[in-house]
Amino acid sequence: MEANPGKTLPPGPAHTDGSVSHPQCAGEEDWVDSRTVYVGHREPPPGAEAYIPQRYPDNRIVSSKYTFWNFIPKNLFEQFRRIANFYFLIIFLVQLIIDTPTSPVTSGLPLFFVITVTAIKQGYEDWLRHKADNAMNQCPVHFVQHGRLVRKQSRKLRVGDIVLVKEDETFPCDLIFLSSSRADGTCHVTTASLDGESSHKTHYAVQDTKGFHSEEDIDSLHATIECEQPQPDLYKFVGRINVYNDQNDPVVRPLGSENLLLRGATLKNTEKIFGVAIYTGMETKMALNYQSKSQKRSAVEKSMNTFLIVYLCILISKALVNTILKYVWQSKPFQDEPWYNRKTEAERQRNLLLRAFTDFLAFMVLFNYIIPVSMYVTVEMQKFLGSYFISWDDEMFDEELGEGPLVNTSDLNEELGQVEYVFTDKTGTLTENNMEFKECCVEGHVCVPHAVCNGQALPDASAIDMIDASPGASGREREELFFRALCLCHTIQVKDDEEVDGPQKSPDSGKRSAYISSSPDEVALVEGIQRFGFTYLRLKDNYMELLNRDNDVERFELLEILSFDSVRRRMSVIVKSATGEIYLFCKGADSSIFPRVIEGKVDQIRSRVERNAVEGLRTLCVAYKRLVPEEYEGICKLLQAAKVALQDRDKKLAEAYEQIETDLVLLGATAVEDRLQEKAADTIEALQKAGIKVWVLTGDKMETAAATCYACKLFRRNTQLLEVTTKRLEEQSLHDVLFELSKTVLRCSASLTRDNFSGLSADMQDYGLIIDGAALSLIMKPREDGSSSNYRELFLDICRNCSAVLCCRMAPLQKAQIVKLIKFSKEHPITLAIGDGANDVSMILEAHVGIGVIGKEGRQAARNSDYAIPKFKHLKKMLLVHGHLYYIRISELVQYFFYKNVCFIFPQFLYQFFCGFSQQTLYDTAYLTLYNISFTSLPILLYSLMEQHVAMDTLKRDPALYRDIAKNALLRWRAFIYWTLLGLFDALVFFFGAYFMFENTTVTSNGQVLGNWTFGTLVFTVMVFTVTLKLALDTHYWTWINHFVIWGSLLFYVVFSLLWGGVVWPFLSYQRMYYVFIQMLSSGPAWLAIVLLVTVSLLPDVLKKVLCRQLWPSAIERVQTRNQCLSVEQPTVFMLSQTSSSLTF
């Protein structure tokens, strides 16, 4: 048999147990991209198939990014892909190549600092990855070789090796499960490190190999495995195994995900298993899932890049203006070549354009500090360190789970303060996912466990007649069949308490056993049925055992399981009773069961299901059919053909299930309650007050979801519900429905603007929209005339005018489609998706910010999210407090960086008008280099970590404050222009204030004239003090750290200047700064100038704040004023009370 990867496999000579002939196996005709694995590296028997050994990677895992040899070039390449780093590299190279006014050190040192810090951080992170890889690659693994166990390092494992794994060990690679220490050939596995799910999953050994329990037995196995090439889906696997017996043709068995044990999963409650390696090293599913999620960028980062481009344009225009003015000035006689600066002959003969270009580059170098390279480092540090405040928040720690919030990315902290739409899952997110059995409806009558009758709680189940007469003999039989169906139609495992390791639920407090399932619904149903006298005991040797009402044990042979999937929304089992009768029991959502039913009290059960759904209960319907042996044989052949298909196996199985699950008899329905999470309603109410629109996206039926929405205050009593559902579309066309709803909502919004509508106002009509998955598919589907966007735009218009939207019956992909639709609508709002299950991952990845709830449906959502929180209620603090503060802090950081760099470089621009555009620097090289690195960096970093312009309790108590910062309010063009103009004003004050003071040249007591370096130092001193004190004025939340850093940085500047100018430094080629700072401080007018200029520079900003606060205060400023008044009043009241008490006699 041809076995090269990627080649088509022609038919081969094999068949299954005689039922399916292998020469034309279903799905094999066009099967491509396969691999053949020889179990134990044993060649197939002669004549069976061609033996072509294949090369596969070894079992080494490499999660590291760099090696010792490529770290420097690869890291440098990655860092210089950032536009700011590349720009400063170009400036540095220009300084090296041409004669520029500043030393290359001034650009090189900050760049070197930034590159080095980043490289050390990334290198350390990669070193940790190397350590983890080595620990994993060198751990010991037991192989079966020549009938005995051999111990080797994990990295030496190869495809085809037979491996022994013991209890609580992790699987070293992806294995096909051959045999187990359990007699039934099963094993239990937890995949916590893969998808976070701590529940036990059952895997099944290959039927023909499960009897091989010793090393000698397993070594004698002669088999080949054909399977798909590696792919990252953890839950999908297609293959088949050919087992060769002595003289017979090989037996073919299908292999699916239930036979595959994944690397990283852990063996539980099973002594040992044997498996054959099929995917190793970087081809394992775990390794293929390493690739990181697509990078999300925040609105602040986009604004930052836009502002950077504006400043780059300013820089180029400055350099251009100075270059032109230089040649205009030099065109006058005697100014191009003064007597004291004669040109050489080579300089005179240089091309004019070349000279002009060189001068342009020199001016670019001189003014390049307007681009703040250190801003990127400060922002990175602020985001990284700031993210710890979420992790450390004790209020967001959940005692029950024993876990707090997790931060998977720190790049989106400030985006939490900009959210406009929240898309939330229902089950497990808004609700607890803690199911409690409420009732069941059998044959039209309702059974309630522990019902209350005449004020007395009945100890056992009570059949309370609600709809029709009590059941007769046939009804009694159907009732028992219903309970048996619920006892048998599930995938629950039963364990003794001593054996259980992991989450569990005891079926009865008196019995030492526990039910374990990946679905809380199943456990609730099996526990609920116990109260009616039917107890599920266990699955042993493929027989399901249950205890009936008469305390007799009934045994049913489990023939087939038709697994649950989210598309079919149902599952079935085929069982054989002790009397030889074959039953198919099916349970699932009402929408997937009712269309397949041909008999039963459909109307009564449907009305009960709808009533329960309105009360917010989760409902399931149960049906059955008897199978005659011939019918069962046909089903077996149909399933076997689908199971061994290697191409489109899932599709073929779905088609087979569709054919099998027909002509059912309806038995009844169940109702399970999933309680609302604590403070879910309070959280939604707060989000709506903050101007955030909340959408619920769920797979549940409309009535159940709507009841939950009312309970959590998403919909209110006065909310007018608008429906775009399948039921309504049966009566009207989609076009008519959408236009009718559009008229309804737009009529209301014509008179009132809904931009400031919180969804809670009583004086205007409040709309809520309900849409289901089928209707959404029609809206998203391109129209026949090719105009795909018409319905979408109409739908979006309706949604914009609704305070809340409920999307029910949603498939996971549809959830992502809804998020994408809103995300790319014309307003481009910031979206947040929150969910707890694997079905929410697609919308979590699609939204701007994805939040996973650490819930009971595993941790896949938490792993794929940007942030993870223990409960939905924590979203309130996450957005309204942490998000608000992060945004305020980083927006101030960005604006402040641009402001202080304008202050820094504009005086240099003005100085050129007074030095003949000769590119003379105003500041000393040390000051140019350290301004952004040392003198002004720490205060803004600390501000951006600690600032609380309003107390956290106030932000939590008053959600409307969140609106003040909505739509990137603090980084709009208006705010950016204000900060830039403020920087220009301050620069004019620094420069011309010092200039006019120097016009009176005798400013020292001995009549000595101060030079240009003293002038530059005076300007620089005023500037450092002004920008630092500007930040101090903006600080509302003072701690000892702020005081230490702000006053400490000013002190550091003074001490550094005294040392820099007070000592002759031998390593410097010049000593132009010697005694300059000390001489400046010895001048009285210089002191006066510093105080006066700092005051004048800060005055406009102070006046603007005072006037705006008095005349046009924002909501935040009103709260600040109120808090200040309260803080003043409290000590005053206390003093007055003390005074009055001292005056009493």
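J.: Can you help me understand the overall build of the protein in this one?
T.: For the protein, the count of helices and strands is 36 helices and 37 strands. By the burial criterion, 53% of the 1145 residues in the protein qualify as buried. Total accessible area on the protein is roughly 51000 Å²; 57% of this is exposed by carbon and sulfur atoms.

J.: Before we go on, may I ask you to explain the side chain of Asp 840 in this structure?
T.: Tracing the chain through its elements places Asp 840 in the loop between β35 (831–835) and α25 (841–846). Assessed through its relative accessible area of 0%, Asp 840 is described here as buried. For Asp 840, the side chain forms a polar contact with the side chain of Lys 815, separated by 2.7 Å. Among the polar contacts made by the side chain of Asp 840, one reaches the main-chain amide nitrogen of Asp 836 at a distance of 3.0 Å. Non-local contacts of Asp 840, meaning those with residues more than four positions away in its chain, are made with Asp 425, Lys 815 and Gly 835.

J.: What am I meant to see in the environment of Gly 600 here?
T.: With respect to the element layout, Gly 600 can be found in the loop between β28 (597–599) and α15 (602–614). Owing to a relative accessible area of 31%, Gly 600 belongs among the partly exposed residues under this scheme. Put simply, Gly 600 and Val 665 are 65 residues apart on the chain and 5.6 Å apart in space, counted from C-alpha to C-alpha.

J.: Whenever I open this one, the sheet that holds strand β8 (residues 223–228) confuses me. Can you help?
T.: In sheet architecture, strand pairing relies on hydrogen bonds along the backbone and comes in two forms, parallel and antiparallel. Spatially, the four strands line up as an open sheet ordered β1-β8-β9-β10, and their pairing is antiparallel. Two strands close off the open sheet at either side, each with one partner strand: β1 (34–38) and β10 (251–255). If you compare each strand with its neighbour and ignore which way they point, the axes differ by 20 degrees on average. Pairing of β8 with strand β9 (residues 239–243) involves five bridges; the strand directions are antiparallel. In the sheet register, Cys 227 faces β9, and the bridge partner there is Gly 239.

J.: Mind showing me how you'd approach the confidence of the model for the protein here?
T.: This prediction gives the protein a mean pLDDT of 79; 83% of its residues lie at or above 70. By mean pLDDT, the top-scoring element of the protein is strand β13 (residues 272–279) (93), and the lowest-scoring one is strand β18 (residues 452–453) (36). Scored below 50 in pLDDT, residues 1–32 makes 89 contacts in the model with residues more than four places away or belonging to other chains. A low-confidence stretch, residues 753–763 (pLDDT under 50), is modelled with 22 contacts involving residues beyond four sequence positions or located in other chains.

J.: Please explain empty space enclosed by the protein as it appears in this structure.
T.: Evaluated as defined, the whole model comprises four cavities of 30 Å³ or more. For the largest cavity, the full set of lining residues is Phe 88, Thr 106, Pro 110, Tyr 369, Ile 371, Val 373, Ser 374, Leu 928, Thr 929, Asn 932 and Ile 933. Take the lining of the largest cavity: its biggest share by element is four residues, from helix α28 (residues 925–935).

J.: Just checking my understanding: could you explain the packing of helix α7 (residues 299–330) against helix α31 (residues 973–999) for this structure?
T.: To characterise two packed helices, one gives the angle between the axes of the helices and the distance between these axes. α31 packs onto α7 with a crossing angle of 45 degrees between their chain directions and a minimal axis gap of 12 Å. The orientation of α7 relative to α31 falls into the category oblique. Of the two elements, α7 crosses α31, and the hand of that crossing is right-handed. From α7, Thr 306, Phe 307, Val 310 and Tyr 311 reach across to α31, where they touch Trp 973, Phe 976 and Thr 980.

J.: Would you mind going over the nonpolar core with me for this structure?
T.: For soluble globular proteins, nonpolar side chains are generally found buried alongside one another. Counting residues in each nonpolar core, the largest one holds 102 residues, and the members touching the most others are Met 375, Phe 904, Tyr 923, Tyr 927, Leu 1018 and Phe 1020. With sequence-adjacent residues up to four places away left out, Tyr 923 is seen in contact with Cys 903, Phe 904, Pro 907, Gln 908, Leu 928, Trp 1013, Gly 1016, Val 1019, Phe 1020 and Met 1023. Counting 40 residues, the second largest nonpolar core, distinct from the first, contains Ile 692, Ile 770, Cys 808 and Val 849.

J.: What's the story with unusual backbone geometry in this structure? I'm lost.
T.: Residues apart from glycine generally show negative phi values, whereas peptide bonds are mostly found in trans. Of note in this structure, Asn 269 is not a glycine but carries a positive phi near 55 degrees. Position of Asn 269 among the secondary structure elements: in the loop between β12 (266–268) and β13. Within the chain, Asp 663 stands out as a residue other than glycine whose phi angle is a positive 55 degrees. Inspection of the secondary structure assignment puts Asp 663 in the loop between α17 (649–660) and β30 (664–676).

J.: What is the right way to look at the side chain of Arg 35 in this model?
T.: Mapped onto the secondary structure, Arg 35 falls in strand β1. Classification of Arg 35 by relative accessible area gives buried; the value is 1%. Of note is the side chain of Arg 35, whose polar atom sits 3.2 Å from the side chain of Gln 229. Engagement of the side chain of Arg 35 in a polar contact is seen with the side chain of Glu 283, the distance being 2.6 Å. With residues up to four places along the chain from it excluded, the contact list for Arg 35 reads Gln 54, Tyr 56, Val 159, Ile 225, Glu 226, Cys 227, Glu 228, Gln 229, Pro 230, Ile 278, Tyr 279 and Glu 283.

J.: Which parts of the structure should I look at to understand the pattern of salt bridges?
T.: Here the structure, examined in full by the defined rule, presents 43 salt bridges. Between Arg 60 and Asp 58 there is a salt bridge whose closest N-O contact spans 2.8 Å. A residue is classified by how much of its surface remains accessible, and Arg 60, at 41% relative accessible area, is partly exposed. The exposure class of Asp 58 is partly exposed, given its relative accessible area of 27%. With its nearest N and O atoms 2.9 Å apart, the salt bridge here joins Glu 740 to Arg 728. With a gap of 12 residues between them, Glu 740 in helix α21 (residues 734–751) and Arg 728 in helix α20 (residues 726–731) connect regions that are remote in the sequence. According to the relative accessible area criterion, Glu 740 is partly exposed, its value standing at 38%. Each of Asp 393, Glu 395, Lys 877 and Lys 956 takes part in salt bridges that share partners, so that together they form one network.

Definitions and cut-offs
- Residues numbered from 1 in each chain as written.
- Predicted model: local features only at pLDDT ≥ 70, side-chain atom pairs only at ≥ 80, totals over all residues.
- Heavy atoms only, no water.
- Helix = DSSP H or I, 4+ residues; strand = E, 2+ residues; numbered from the N terminus.
- Buried < 20%, exposed > 50% of the residue type's maximum accessible area, 1.4 Å probe, protein only.
- Areas by Shrake-Rupley, 256 points an atom, 1.4 Å probe, with all protein chains shown as cover.
- Polar contact = N/O pair within 3.5 Å; in protein donor to acceptor, adjacent residues only side chain to side chain.
- Contact = heavy atoms within 4.5 Å.
- Pairing = 2+ DSSP bridges.
- Axes fitted to C-alpha atoms, helices over the stretch in contact; angles between N-to-C directions.
- pLDDT = per-residue confidence, 0-100.
- 1 Å grid on protein atoms, 1.4 Å probe; cavity = no way out; pocket = protein on both sides within 12 Å on 5 of 7 lines; lining within 4 Å.
- Points joined across faces, edges and corners; volume = space filled by probe spheres on them.
- Parallel < 35°, antiparallel > 145°, perpendicular 65-115°, else oblique.
- Left-handed = near helix turned anticlockwise from the far one by under 90°.
- Core = buried A, V, L, I, M, F, W, Y, C linked by side-chain atoms within 4.5 Å.
- Salt bridge = Lys/Arg side-chain N within 4 Å of Asp/Glu carboxyl O.

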